[in-house]
Amino acid sequence: MILQDEVNKSNGFTNIELLAKQVVEGFISGMHKSPFHGFSAEFAEHKIYNNGESTKHIDWKLYAKTDKLYTKRYEEETNLRCHLIIDNSSSMHYPYLAQQGITRLNKIGFSALASASLMQILKKQRDAVGLSVYSDAYEYYAPEKGSERHHHMLLDTLEKIVAQPPSAKKTKTFTYLHQIAQKIKRRSLIFLFTDMFQDDEEEERLFEALRHLKYNKHELTLFHTYDRERELSFDFDNAPKRFIDVETGEGVNLYADTVKANYEEAVRAYFERLRIKCMQYQINYVPVDIQQSFDQVLTTYLVERRKC
């Protein structure tokens, strides 16, 4: 299959499922051990072994100490539960692309394709996956399920958010992260895709919301999406330009060189605070420069997680 044949001629992917399948086959082929295997089996208690029961879960170390047979009981024998969270605010649709493919993605395109790829891995293991999408409202919620019908419903939702035309939608990320955290009751693997842009005074509230997502022993991975060239380095020529906030519509006229140094210093300092906070809260922080190879970003994460 030629990947570019899977790219929508207007905006988005014509078939994100086929593209995700190819992505996963390329990433995971040769891996003898899934990076997600065995996440959800939590030890609960011992019980006395009864003759005729399977010996699979006998605790032999305890037998050596007590000379009695006990089996281990687990809180949950089912596979992993995963919840995907996608920021669908206007800034996530930057830069606007008429066509998207694995070699050319904007922030929402990366988030959708990465989500579909992770779903494909989890599907192979018959794991339960849920999805939340937010912007200026809590747009979509689906609880964790593992059925084929549910899988296709989530893929359809991902295709729709990538294909929708950009519109002025701002968000208070922390508001919806708190709401989502309240919905995820059982221990889960959570993936959050967002560019983490918000007002300066909302920064601490955002970190509080990330801590809330860690509640109930969830494992949280933050995919922090950004365009390094424009959003981090502010790399524009010095011709006069009008810069417009895609979420509020407000604009300002200026020469890029007059603010470049101060802008870059402020953004880099914020990114570093974010990285340090994630480390303090034991959140897996994955910076995503969308100009990088999609293969490289996702493969690096999967390989690193496999080592854990």
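Residues numbered from 1 in each chain as written. Predicted model: local features only at pLDDT ≥ 70, side-chain atom pairs only at ≥ 80, totals over all residues. Heavy atoms only, no water.

Time to look at the packing of helix H3 (residues 107-124) against helix H4 (residues 148-163). Taken N-terminus to C-terminus, the directions of H3 and H4 make an angle of 170°; their axes are 9 Å apart at the nearest point. Classified by the interaxial angle, the pair formed by H3 and H4 is roughly antiparallel. Where H3 abuts H4, its residues Ile108, Gly109, Ala112, Ser115, Ala116, Met119, Gln120 and Lys123 lie against Glu148, His151, Leu154, Leu155, Leu158, Ile161 and Val162. Each residue belonging to the contact of H3 with H4 can be placed in one class, and the counts come to nine nonpolar, four polar and two charged. (Axes fitted to C-alpha atoms, helices over the stretch in contact; angles between N-to-C directions. Helix = DSSP H or I, 4+ residues; strand = E, 2+ residues; numbered from the N terminus. Parallel < 35°, antiparallel > 145°, perpendicular 65-115°, else oblique. Contact = heavy atoms within 4.5 Å. Nonpolar A, V, L, I, M, F, W, Y, C, P; charged D, E, K, R; others polar.)

This next bit is on the packing of helix H6 (residues 203-213) against helix H8 (residues 256-280). Their axes nearest at 11 Å, the elements H6 and H8 cross at an angle of 25°. As summarised for this structure, H6 and H8 are arranged roughly parallel, according to the angle between their axes. Between H6 and H8 lies a crossing of right-handed hand. Along the contact surface, H6 presents Glu203, Glu204, Leu206, Phe207 and Leu210, while H8 presents Tyr270, Arg273, Leu274 and Lys277. Of the residues belonging to the contact of H6 with H8, the class tally is five nonpolar, no polar and four charged. (Left-handed = near helix turned anticlockwise from the far one by under 90°.)

Next up on the list: unusual backbone geometry. The omega angle of the peptide bond from Tyr94 to Pro95 is -10°, so this bond is cis rather than trans. Its location among the elements puts Pro95 in the loop between strand E3 (81-87) and H3. Phi at Met196 is positive, roughly 60°, even though this residue is not glycine. At Gln282, a position not held by glycine, the phi torsion is positive, near 60°. Its location among the elements puts Gln282 in the loop between H8 and strand E10 (284-289).

Along the polypeptide, Ser132 turns up in strand E4 (residues 128-134). Judged by its relative accessible area of 0%, Ser132 falls in the buried class. C-alpha separation for the pair Ser132 and Ile85, spaced 47 residues apart in sequence, amounts to 4.8 Å. If sequence neighbours within four positions are ignored, Ser132 has contacts with His83, Leu84, Ile85, Ile86, Tyr138, Tyr140, Tyr141 and Ile180. Engagement of the side chain of Ser132 in a polar contact is seen with the side chain of Tyr138, the distance being 2.7 Å. (Buried < 20%, exposed > 50% of the residue type's maximum accessible area, 1.4 Å probe, protein only. Polar contact = N/O pair within 3.5 Å; in protein donor to acceptor, adjacent residues only side chain to side chain.)

Moving on: a negative patch on the surface. Taken together, the side chains of Asp199, Glu201, Asp245 and Glu250 present a region of like negative charge at the surface. A relative accessible area of 38% means that Asp199 is categorised as partly exposed. (Patch = residues over 30% accessible without salt bridge, like charges linked within 9 Å, V, L, I, M, F, W, Y side chains within 5 Å. Areas by Shrake-Rupley, 256 points an atom, 1.4 Å probe, with all protein chains shown as cover. Salt bridge = Lys/Arg side-chain N within 4 Å of Asp/Glu carboxyl O. Lys, Arg positive; Asp, Glu negative; His and termini not counted. Charge placed at Lys NZ, Arg CZ, Asp CG, Glu CD.)

This part takes up the sheet that holds E4. If you trace the six strands from one edge of the open sheet to the other, you get E5-E4-E3-E6-E7-E10, paired in mixed fashion. Bordering the open sheet on either side are strand E5 (138-145) and E10, each of which pairs with just one other strand. Taken over all neighbouring pairs, the strand axes of this sheet differ in orientation by 15° on average, direction set aside. Two strands pair when backbone bridges link them, and E3 and strand E6 (residues 189-194) are joined in this way by five bridges, in the parallel orientation. In the sheet register, His83 faces E6, and the bridge partner there is Ile190. (Pairing = 2+ DSSP bridges.)

Okay, the pattern of salt bridges next. Pairs can form between side chains of opposite charge whenever their charged atoms are close. Within this structure, the stated rule accounts for twelve salt bridges. Across the salt bridge formed by Lys123 and Glu148, the nearest N and O atoms sit 3.0 Å from each other. With Lys123 in helix H3 and Glu148 in helix H4, this residue pair connects regions lying 25 residues apart in the sequence. A relative accessible area of 42% means that Glu148 is categorised as partly exposed. Arg230 serves as the salt-bridge partner of Glu229, at 3.8 Å between the closest nitrogen and oxygen. Among the residues examined, Arg230 registers a relative accessible area of 31% and is labelled partly exposed. Among the ionic contacts, a cluster of salt bridges with common partners joins Lys107, Asp195 and Glu231.

As a further point, take the side chain of Asp289. Mapped onto the secondary structure, Asp289 falls in strand E10. Overall, Asp289 belongs to the buried group, its relative accessible area being 10%. A polar atom in the side chain of Asp289 sits 3.1 Å from the backbone nitrogen of Arg228. Ignoring anything within four residues of it in the chain, the contact list for Asp289 reads Tyr226, Asp227 and Arg228.

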